[in-house]
Amino acid sequence: MPENLITSVKREIGRLTKEIGRRTSELAAVKDELIKHQRAYRLLAGGNTKPQRPGRRRGRARRTTPVNWNAMLDQLPSRFTVGDLAKEAGARRKSSGYVRQVAVRWAKQGKTKRIGRGKYQKVKQGKSRAAAASQRNK
């Protein structure tokens, strides 16, 4: 008796899985048809023709203003940590990983020098290379 029950439940699971697959493909076709009608409506109404698939919104896209990292470097003390930089950039909603990348980039560019793990020191910027080269040529 239990084997018959197991097989019947297994058969029902298979039937329901097939039904879900069939209805999912039907729903996708209906969504595509809705997009076509929305596009036609926007064309006739003179609006945007971008298709918008129905469904739940995933949240608002954040639009941040570009950061002037050179100005931010000027605001930091001569010795700073990645945490200090993150506090400055925190108001601009930059992730901590991105802030670490900026600190490494500054070190590679010679703007800062790494003095320890997560600790940096500003490098005194003298004349630019182009200015120094033009001085030597004179």
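Here the structure is a predicted model, which is why all the values come from computation and not from measurement.

Undergrad: How do you make sense of the pattern of salt bridges when you look at a structure like this?
TA: One side chain can pair with another of opposite charge once the charged atoms of both are near each other. What the rule picks out here adds up to four salt bridges. Notably, a salt bridge pairs Glu-12 with Arg-15, separated by 2.5 Å at the nearest N-O pair. In this pair, Glu-12 and Arg-15 both sit in helix α1 (residues 2-45), three residues apart, roughly one turn of the helix. When its relative accessible area of 36% is taken as the criterion, Glu-12 is described as partly exposed. With relative accessibility at 44%, the residue Arg-15 sits in the partly exposed group. One salt bridge connects Arg-22 with Glu-26, and the closest N-O pair in it is separated by 2.4 Å. Residue Arg-22 and its partner Glu-26 are located together in helix α1, separated by four residues, close to a single helical turn. For Glu-26, a relative accessible area of 40% gives the class partly exposed. Linked by salt bridges that have partners in common, Glu-19, Arg-22, Arg-23 and Glu-26 make up one network.

Criteria and cut-off values
Residues numbered from 1 in each chain as written. Predicted model: local features only at pLDDT ≥ 70, side-chain atom pairs only at ≥ 80, totals over all residues. Heavy atoms only, no water. Salt bridge = Lys/Arg side-chain N within 4 Å of Asp/Glu carboxyl O. Helix = DSSP H or I, 4+ residues; strand = E, 2+ residues; numbered from the N terminus. Buried < 20%, exposed > 50% of the residue type's maximum accessible area, 1.4 Å probe, protein only.

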